Structure formats: C-alpha cells, structure tokens
Amino acid sequence: MRSISEGGTRGAAFWLIVVASTLGNIVNSSNSPIIARIVGAELPGDDALAGMLVSLSAFASIAAMPLAGAAADRWSVRPVLIAASVIAIAGLVLVASALTVPTLAASRIIVGAGNAAVATALTAWVVAEIPHRERGRALGLFGLSVWVGLALGPPLGDALYREIGQQSVWIASAALQLTGLLIALLVRTRGPVKVDTGAIPMQAPAEGLRGWLVILRAVAVPGGVALAAWASEAFMIAFLLQHLSRNGVASEGIFGAANVFTIFAVSVVTARLLLSNLTDRLGPVVVTRWALVMVAAGMLTLAVSESFAVAALGGMLVGIGYSPLYPALTMLATEHLHPRRRSTGLGVFAALTSVGHALGSLLGGFFILLMGEAWSFATLAAVLLLAILLLRDRRRPRLR
C-alpha cells in the first residue's frame with residue numbers, strides 16, 4: 001500500500017486512515033449511551049454514578065492526547081498507534097470479562113485514554129504527510145470520521161445491548177478497535193518528514209522545558225479559541241432542547257426541537273464537503289474569523305428562537321460555522337511548529353478542545369441559573385466574537 005503523501009486526499013491510503021478513524025469514533029460513541037441503562041439495571045447506582053462513569057473517558061482523553069502527541073514525535077506514529085489500540089482493546093476486554101462498577105470505571109479510563117491516543121496519532125499522521133497546500137482539505141475530510149462515528153455508534157451500541165446484551169457491546173467494540181488498527185497498518189509511512197521552509201533556515205527544535213514552552217506558545221491562541229468554540233458547542237448540545245421547549249417549540253414530530261440537531265449535523269457535513277478547499281485557498285486565520293462570526297450569529301439566533309423555523313436557521317448557521325473551524329484551528333496550532341514537534345502540539349490542541357467540551361456542559365448549568373438560557377447563548381456568542389481579536393495572521397512560519 002502506498003503512503004498518504006503519495007496519493008494525497010484522492011489516494012486510497014488517506015481514505016483507509018479515515019476509515020480507521022471512523023471505526024475508533026464508532027467505538028467511542030457506542031459505549032457511552034448504554035452506561036446509563038446498565039447502571040441501575042445491571043449495576044447498583046443512580047444517574048449521578050452513570051454520569052460520573054461516562055465523564056471518566058473524557059478526563060482520561062485530556063491527559064492522554066498531549067502524551068500521545070509527544071510520543072509520536074519521539075518514536076513516530078506507528079508504534080504509538082499500535083500501543084494505544086492495544087490499551088483500548090485491553091480496557092474493553094476487561095469490562096467484557098467482568099462487569100462491576102470498579103471494572104467499568106477502570107475500563108472507561110483505559111479505553112478513553114487509548115482511543116484518544118489513537119485519534120491523536122491518526123490526525124498527526126495526516127498532518128505529517130499531507131502537503132501544506134492540501135492540508136486544510138485533508139483535515140476537513142478526515143474530521144468527517146467524527147460525525148459518521150457519532151451517527152453510527154449509538155444505534156449500533158443500543159441494538160447490540162437490546163438484542164444480545166451488554167457484553168456484546170464491549171466485544172464488538174474491541175473487534176472494531178482491532179479492525180481499525182489493522183486497516184491503518186496497511187498504509188505505509190514515508191519516513192522522515194521534509195519541509196520546504198523557503199528562505200527560513202531549519203533549526204533543531206528546542207528541547208526540554210524550553211521546547212514545551214515553544215509548543216504552548218504556538219498552541220495558546222488557536223487552543224484558546226477552540227476551547228471557547230467547543231465549550232459553546234457542548235453548551236448547545238446540553239441545553240438547546242430545554243431552551244426551545246421553554247420557548248414553545250414542540251419536542252416531537254418533523255418540526256420538533258430535536259431535529260434542529262439533525263439540521264446542525266447535516267449543515268456541518270454538507271459545508272465541509274462543499275467548502276473543503278476553503279482553508280487552503282483563504283488561509284486558516286481568515287477562515288477562522290468568518291467561521292466564528294457565523295457560529296456567533298447562529299448562537300444569537302438560537303437565543304431568540306421561539307419557532308422551529310428560527311431555531312433551524314440558527315442550527316444551520318452554527319453548523320456551517322463549525323464546519324471549517326476544526327481544520328483551520330488545527331493548522332494554526334501546528335503549522336508554525338518544527339515538524340518534529342507538530343504531533344505534540346496537536347495533542348495539546350486536541351486536549352484543549354476536550355477541556356472546552358467539559359467546561360461547556362459543566363459551567364453551562366451555572367450560566368443558566370445566573371442569567372437564563374437566552375442570555376447564556378448570547379453571552380457565548382459575544383465570547384466567540386471577542387475571540388476573533390486574538391487571531392493574528394502570521395505570514396512567515398518560524399519552525400522551532
């Protein structure tokens with residue numbers, strides 16, 4: 001099999017990596033929904049325990065992503081991918097062998113860390129081998145694996161649980177994780193990365209504490225913007241239905257509030273397919289600015305929504321805005337780093353998006369208690385617009 005760099009986004013190697021990533025995302029999204037059904041039915045506990053068990057995976061991923069990125073920079077992507085996949089499979093086998101609260105908690109931590117490390121390694125592989133001129137398109141298409149995983153995972157997990165039982169969910173997940181690893185291993189790596197730096201001399205990357213400070217400085221702005229953006233997304237996912245219900249939007253039917261999420265997801269996927277070259281053509285800073293304006297406009301529209309039509313418009317605006325944010329911010333977080341530090345930077349950036357997700361749902365409840373849903377949506381829109389002021393268009397990269 002050829003390497004990703006030989007065929008680019010049109011080659012089979014790139015799409016095999018996308019398939020491997022999709023399988024990992026199916027594993028991640030198929031496990032979480034059934035935990036609330038298991039706790040109380042097959043395990044002692046209540047909704048609070050179920051929520052805590054679900055959250056363990058997210059907290060483990062926050063810690064694992066920077067470590068996986070640093071390991072990929074040091075030992076290359078392939079060994080990290082193998083080790084992380086084996087760890088995730090071990091966590092799934094553990095809970096399949098014996099379902100107890102302690103084993104389920106341990107499994108959530110192990111699988112969360114392993115799966116997050118796999119995702120970081122696969123993304124680092126794409127960033128390392130896709131040429132800069134095509135990287136925005138590649139990251140946009142690669143990111144579709146998250147949405148496909150979210151679409152397929154929960155129904156698969158639910159069907160297995162209802163028809164066969166909880167053990168089948170863990171066994172099937174382990175099989176999917178292994179399949180994803182085997183598919184990724186079909187793709188050949190191209191060896192040391194060579195980067196055209198133009199007139200800028202290539203220097204050895206900084207080591208030790210100074211090296212980490214360089215990475216943190218490069219990731220700080222795009223990571224901070226991503227934290228605000230993903231916190232807003234998490235808040236919307238957690239509290240939009242409640243907000244629309246209180247504003248008189250029906251909860252069921254074709255024009256029910258839940259279908260605003262369908263419009264949101266379809267808008268993300270459609271815009272990403274149609275505008276996949278936008279970041280490469282206009283540059284990540286310009287695209288990020290306009291994307292934040294679009295998301296903020298959507299959040300404001302949702303804030304004042306009192307009908308399905310207005311809410312649908314808000315969901316569409318938010319979806320179109322989020323579509324280019326991931327590839328654009330990922331490029332900003334990594335393109336100014338030395339090639340041998342990009343995976344580490346990617347891991348730190350990915351961890352900040354996870355922190356944003358955690359804070360959005362955690363602090364969102366407090367926001368609502370203080371000011372209500374509408375003003376909370378409006379406040380987050382203002383934060384997104386203020387985040388635009390942080391962005392600077394650095395034309396000449398300094399690879400360190």
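Computed from a prediction, not measured in an experiment: that's the story for all the values here. (Residues numbered from 1 in each chain as written. Predicted model: local features only at pLDDT ≥ 70, side-chain atom pairs only at ≥ 80, totals over all residues. Heavy atoms only, no water.)

Comments concerning the overall build of the protein chain
- For the protein chain, the helix and strand inventory stands at 14 helices and 0 strands.
- Scaling as 2.2 N^0.38, a compact globule of 400 residues should have a C-alpha radius of gyration of about 21 Å, and the protein chain matches this with 21 Å.
- Considered along the principal axes of its C-alpha atoms, the protein chain spans approximately 60 × 50 × 40 Å.
- Within the structure as shown, the protein chain displays about 17,500 Å² of accessible surface, and the carbon and sulfur contribution to it stands at 68%.
- For the protein chain, the centre of its 28 positive side-chain charges and the centre of its 18 negative side-chain charges are spaced 14 Å apart. (Helix = DSSP H or I, 4+ residues; strand = E, 2+ residues; numbered from the N terminus. Rg over C-alpha atoms; globule rule 2.2 N^0.38 Å. Areas by Shrake-Rupley, 256 points an atom, 1.4 Å probe, with all protein chains shown as cover. Lys, Arg positive; Asp, Glu negative; His and termini not counted. Charge placed at Lys NZ, Arg CZ, Asp CG, Glu CD.)

What about the environment of Arg 37?
- Of note, Arg 37 is situated in helix α2 (residues 12–38).
- In this structure, the C-alpha to C-alpha distance between Arg 37 and Gln 166, residues 129 residues apart in sequence, is 9.6 Å.
- The residues contacting Arg 37, other than those within four sequence positions of it, are Asp 158, Tyr 161 and Arg 162. (Contact = heavy atoms within 4.5 Å.)

So, the confidence of the model for the protein chain
- Here the protein chain shows a mean pLDDT of 83. Residues at 70 or above account for 92%.
- Counting contacts from residues 192–202, a segment whose pLDDT is below 50, to residues more than four positions away or on other chains yields 14 contacts. (pLDDT = per-residue confidence, 0-100.)

Some points on the packing of aromatic side chains
- Counted under the stated rule, the structure contains 4 aromatic pairs.
- The interplanar angle of 70 degrees and the centroid separation of 6.2 Å between the aromatic rings of Trp 230 and Tyr 322 together place this pair among those described as edge-to-face. Note that Trp 230 is positioned in helix α8 (residues 208–246) and Tyr 322 in helix α12 (residues 308–322), a separation of 92 residues in sequence. Both residues of the pair, Trp 230 and Tyr 322, belong to the buried class.
- With a centroid separation of 6.2 Å and 90 degrees between ring planes, the pair formed by Phe 264 and Tyr 322 is classed as edge-to-face. Remark: Tyr 322 occurs in helix α12 and Phe 264 occurs in helix α9 (residues 259–274); sequence separation between them is 58 residues. With respect to burial, Phe 264 and Tyr 322 carry one shared label: buried.
- Among the aromatic residues, ring-to-ring pairing joins Trp 230, Phe 264 and Tyr 322 into one connected group. (Phe/Tyr/Trp six-rings, centres within 6.5 Å; stacked < 30°, edge-to-face > 60°. Buried < 20%, exposed > 50% of the residue type's maximum accessible area, 1.4 Å probe, protein only.)

Topic: a nonpolar patch on the surface
- Where nonpolar side chains cluster on the molecular surface, the patch consists of Leu 359, Leu 362, Leu 363, Phe 366 and Leu 369 and spans about 510 Å² of accessible area.
- By secondary structure assignment, the location of Phe 366 is in helix α14 (residues 342–387). (Patch = residues over 30% accessible without salt bridge, like charges linked within 9 Å, V, L, I, M, F, W, Y side chains within 5 Å. Salt bridge = Lys/Arg side-chain N within 4 Å of Asp/Glu carboxyl O.)

Considering α14
- With 46 residues, α14 extends only 23 Å from end C-alpha to end C-alpha; this falls clearly short of the ideal 68 Å at 1.5 Å per step.
- Remark: the principal bend of α14, roughly 110 degrees, maps to Met 371. (Expected span 1.5 Å × (residues − 1). Bend = angle between axes of the 7 residues up to and from the residue.)

A closer look at the environment of Ile 87
- Among the structural elements, Ile 87 can be located in helix α4 (residues 77–97).
- Separated by 201 residues in sequence, Ile 87 and Thr 288 place their C-alpha atoms 35 Å apart.
- Each residue touching Ile 87, except ones within four places of it in the same chain, is listed here: Ile 110 and Gly 114.

Brief notes about the side chain of Glu 373
- Among the structural elements, Glu 373 can be located in helix α14.
- Taking relative accessible area as the criterion, Glu 373 reaches 9% and is therefore assigned buried.
- Contact partners of Glu 373, with chain neighbours within four places excluded, come to Gln 242, His 243, Arg 246 and Ile 368.

Here we look at the pattern of salt bridges
- Tallying each qualifying case throughout the model produces 3 salt bridges.
- Its salt-bridge partner being Arg 162, residue Glu 163 comes within 3.6 Å of it at the nearest N-O pair.
- A salt bridge links Arg 246 to Glu 373, with the shortest nitrogen-to-oxygen separation between them at 2.7 Å. Of this pair, Arg 246 sits in helix α8 while Glu 373 sits in helix α14, and the two are 127 residues apart along the sequence.
- Given a relative accessible area of 58%, Arg 246 falls into the exposed group.
- When salt bridges with common partners are traced through the structure, they connect Asp 158, Arg 162 and Glu 163 into a single cluster.

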